[in-house]
Amino acid sequence: MDLYAENILDHYRHPRHKSVLKNPTVTHKEENVSCGDTVELSLSMKDAKILEIGWSGEGCAISQAAMSMLSEELIGKTTDEALSIATDHIHELLGVPVGPRRTKCALLCLHTLKNTLRAAKNEPVQSWTETVGEQ
Amino acid sequence: MHYDVEAVRRQFPILSGGICYLDSAATSQKPNIVLRAMDTFYTSQNANINRGVHALAEAATVAFEDARKTVQRFLGAKHAHEIIFTRNATEAINLVAKTFGRSLAQKDRIALTLLEHHSNIVPWLQLKEEKNITIDWIGLETDGSLNESSIADVLSKKPKLLAITGVSNVLGTKIPLKEIIKKAHANGTLVLVDAAQMAAHEKIDVQDLDCDFLAFSGHKVYGPTGIGVLYGKEKLLNDLPTFLGGGDMIQTVTTDGFTAAELPRKFEAGTPAIAEAVGLKSAIEWIDSLGIAAIAEHEEHLLAHALEKLQTIKEVKVLGPKDAKKIASCISFTVDGIHPHDLTQILSEKGVYLRAGHHCTQPLHNHLGVVATSRISVAAYNTIEEIDRFATEISHAISAWKK
């Protein structure tokens, strides 16, 4: 994987939507326990639609850049649309092949998004196995 | 005597491709002679041990028991039957936690240090869960050495056992074991030494140390995976209840019960890793042929050079002692602005292999206030040129990342 890929470094250095929302509908945090990377996602929602997004996080370039890239696509999406985002899409966003050792870095954003939406619906969170297994 | 590192390197087939392997604290590479020893065992001696009287069974049994005697000499143990073969250091520590631990009760205490690897933490935490015992932690100085007053404080609570590493697998800190063991014994505390990180870098003499138990892994001392060792004082091992049940560990079995075999078989249920024991024997003989003191001296040069190089890079922060005489095996560090996983991946693409993460020491990383670090670790086959190459690649990564 080319970690120097310009889009990855750009998002890592200048993360989009990395801010605190004033009155989020829901906030949820996930961690990649094997490396300690974290992402906390806040969404403002109305009628099951994402109006605003803010997030914070710490970790490697892959996990943080992927969250930044994903954040650019979420506003205006319905819960169902956001829940249907597949792992392949995150790989497309990153644009470089991600090896098995870094898969969870890449998918931390998606895992957090899905569980934030589940939290908003008062549903139990899904496991990493489910997130990684969804094609 | 001149230490000919190129001659050492040539004995490691995996290194011939020009990789810069700086992850020997995770597992060391294996010299040809170890691979050949295991091959020879399988091609000419393979049979199950301790059963059957045919020639091969006897040859295999002799080879396995020879390996035990070699380990006995390596550790300076009084008896060969004080050497128990396990899968690895983790299993050796678990053996003690699960057998010695059986007699513990709620009021009892176990002492650990913040430097411990998860393998010397979790078995005791499991015991805490099971028996509601108390775990006391020996704290650290800012440079990663053990805090003296914390040692005194923890030992004054008279723990039943202190489980302590010989060398930190993160900071490389060398622990003054003999002194601490003496203090522990004065308080009636037994001592288990986790020598997984130490065994390849320092001469061990269990009788001189007077430790009660000691554990190490074959794969970190140039031997194969799947074989580890528990040393225990004869009387203590005799007094412990049995661990895993099965073939080999019994004297007699009836429909009502069993009697345990004598040491060492009491703790070696099932067919052991025979070829791996043979490989470990060969690895220890290989270390002896170079001399562990000569290896340690060579590694100290490498670590001193690495400390010097790393400290010239302003973005690098070295964790732990900055004096190569105080450390063995490894150095951990962080680089401003580059996550350890990113750094390791960038360097990996340049053929420089190090470790990133929490190195199975989350309590230590919490104490240091960092989630993850990068670590280089050295072995007999590493060169000054490799340390230079590593430092150059770190500098390249920093400038490329920051442009």
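Scoring rules and cut-offs
Residues numbered from 1 in each chain as written. Chains lettered and ligands numbered in written order. Predicted model: local features only at pLDDT ≥ 70, side-chain atom pairs only at ≥ 80, totals over all residues. Heavy atoms only, no water. Helix = DSSP H or I, 4+ residues; strand = E, 2+ residues; numbered from the N terminus. Rg over C-alpha atoms; globule rule 2.2 N^0.38 Å. Buried < 20%, exposed > 50% of the residue type's maximum accessible area, 1.4 Å probe, protein only. Contact = heavy atoms within 4.5 Å. Areas by Shrake-Rupley, 256 points an atom, 1.4 Å probe, with all protein chains shown as cover. Lys, Arg positive; Asp, Glu negative; His and termini not counted. Charge placed at Lys NZ, Arg CZ, Asp CG, Glu CD. pLDDT = per-residue confidence, 0-100. Expected span 1.5 Å × (residues − 1). Domains from an automatic or database assignment. Buried area = accessible area lost by both parts, 1.4 Å probe. Pairing = 2+ DSSP bridges. Right-handed = clockwise from strand over helix to strand, strands pointing away. Salt bridge = Lys/Arg side-chain N within 4 Å of Asp/Glu carboxyl O.

Engineer: Which parts of the structure should I look at to understand the overall build of chain A?
Structural biologist: Looking only at helices and strands, chain A has 6 helices and 3 strands in total. A globule of 135 residues ought to have a C-alpha radius of gyration of about 14 Å, and chain A, at 14 Å, matches this closely. In terms of its C-alpha atoms, chain A occupies a principal-axis envelope of roughly 40 × 30 × 25 Å. Buried positions account for 50% of the 135 residues belonging to chain A. Across chain A, contacts joining residues at least 24 apart in sequence account for 59% of those joining residues at least 6 apart. Just so you have it, chain A exposes about 6,200 Å², and 49% of that area is on carbon and sulfur atoms. With 14 positive and 19 negative side-chain charges, chain A shows a spacing of 3 Å between the two charge centroids.

Engineer: What is the right way to look at the confidence of the model for chain A in this model?
Structural biologist: Note: predicted coordinates in regions of low pLDDT should not be interpreted at a detailed level. Per-residue confidence for chain A averages 92 on the pLDDT scale, and 97% of its residues sit at or above 70. Of all secondary-structure elements in chain A, the lowest mean pLDDT belongs to helix α6 (residues 128-133) of chain A, at 90, while strand β3 (residues 49-58) of chain A reaches the highest, 96.

Engineer: What exactly am I supposed to notice about helix α4 (residues 89-100) of chain B here?
Structural biologist: With 12 residues, α4(B) ought to run about 16 Å at 1.5 Å a step, and its terminal C-alpha atoms sit 16 Å apart, in line with that. Where α4(B) is concerned, the buried positions are B:Ala89, B:Glu91, B:Ala92, B:Ile93, B:Asn94, B:Leu95, B:Val96, B:Ala97, B:Thr99 and B:Phe100.

Engineer: Can you walk me through the domain arrangement of chain B in this structure?
Structural biologist: Reports of interface size often rely on the accessible area that becomes lost once the parts have come together. All names here are of chain B. For chain B, the assigned domains read domain 1 (5-27 + 291-402) and domain 2 (34-288). Relative placement of domain 1 and domain 2: their C-alpha centres are 28 Å apart. At the junction of the two partners, domain 1 supplies 38 residues and domain 2 supplies 29 residues. Between domain 1 and domain 2, the buried area comes to about 2,800 Å², and carbon and sulfur atoms account for 60% of it. On the domain 1 side of the contact with domain 2, Ile292, Cys360 and Leu364 bury the most area, a combined 21% of that side's loss.

Engineer: How should I be thinking about the pairing of strand β4 (residues 134-138) of chain B in this particular structure?
Structural biologist: Where a strand is regular, its side chains alternate between the two sheet faces. Residues and elements named next belong to chain B. Looking at chain direction, strand β3 (residues 109-113) and β4 are connected through 5 bridges and run parallel. Within β4, the residue paired with alanine 111 across the bridge is aspartate 136. Tracing the backbone out of β3, into helix α5 (residues 122-131) and back to the parallel element β4 gives a crossover that is right-handed.

Engineer: Looking at this structure, I do not really get the pattern of salt bridges. What am I missing?
Structural biologist: If the charged atoms of two oppositely charged side chains come close together, the side chains can form a pair. Going through the model one piece at a time under the given rule, you end up with 24 salt bridges over all chains. Between B:Asp136 and B:Lys157 there is a salt bridge, with its nearest N and O atoms 4.0 Å apart. Taken as a pair, B:Asp136 in strand β4 and B:Lys157 in the loop between α6 (148-156) and β5 (161-165) lie far apart in primary sequence, 21 residues in all. In this structure B:Asp136 comes out as buried when scored by relative accessible area, which is 7%. By relative accessible area, B:Lys157 is classed as partly exposed at 37%. In this structure, the salt-bridge partner of B:Lys325 is B:Glu300, at a minimum N-O distance of 2.8 Å. With B:Lys325 in the loop between β11 (316-319) and β12 (330-335) and B:Glu300 in helix α11 (residues 292-311), this residue pair connects regions lying 25 residues apart in the sequence. Residue classification places B:Lys325 among the exposed residues on the basis of a relative accessible area of 57%. Look at the salt bridges and you will find they share partners, linking A:Asp10, A:Arg16 and A:Glu72 into a network.

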